[in-house]
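A closer look at the structure
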Amino acid sequence: MTKAKSGVDKNLQNVVRDLEHTGVNSHHAQQIQQDSNDRRHQDALNHDKTEDRDPTHS
């Protein structure tokens, strides 16, 4: 994890870092994009605050 400098948007730092890595071909570019999608999906799962509403699991 990189630390954001004060006053610098962390999301923009990540975008710049990702743009610095250009894909060699379409397959490599797709893998880079999938990595980004995987991180975004995992972040969404980590921030899911829904509760199990079925009381039989308690």
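Summarised in this report is the structure supplied together with it.

Reading guide: rules and limits
- Residues numbered from 1 in each chain as written.
- Predicted model: local features only at pLDDT ≥ 70, side-chain atom pairs only at ≥ 80, totals over all residues.
- Heavy atoms only, no water.
- Helix = DSSP H or I, 4+ residues; strand = E, 2+ residues; numbered from the N terminus.
- Buried < 20%, exposed > 50% of the residue type's maximum accessible area, 1.4 Å probe, protein only.
- Areas by Shrake-Rupley, 256 points an atom, 1.4 Å probe, with all protein chains shown as cover.
- Expected span 1.5 Å × (residues − 1).
- Polar contact = N/O pair within 3.5 Å; in protein donor to acceptor, adjacent residues only side chain to side chain.

Attention now goes to the overall build of the chain. Each helix and strand in the chain was counted, giving 2 helices and 0 strands. Burial status across the chain gives 3% buried among its 58 residues. Roughly 5700 Å² of accessible area belongs to the chain as shown, and the carbon and sulfur atoms make up 53% of that amount.

Helical geometry note: an α-helix holds 3.6 residues per turn, so side chains three or four residues apart project in the same direction. In this model helix α2 (residues 26–46) runs 30 Å from its N-terminal to its C-terminal C-alpha over 21 residues, within 8% of the 30 Å that 1.5 Å per residue would give. Where α2 starts, the residue carrying a side-chain oxygen 3.1 Å from the main-chain nitrogen of His-27 turns out to be Asn-25.

The subject of this paragraph is the environment of Leu-19. Summarising the element assignment, Leu-19 is placed in helix α1 (residues 10–20). Counting along the chain gives 13 residues from Leu-19 to Ile-32, while the straight-line C-alpha distance between them is 9.9 Å.

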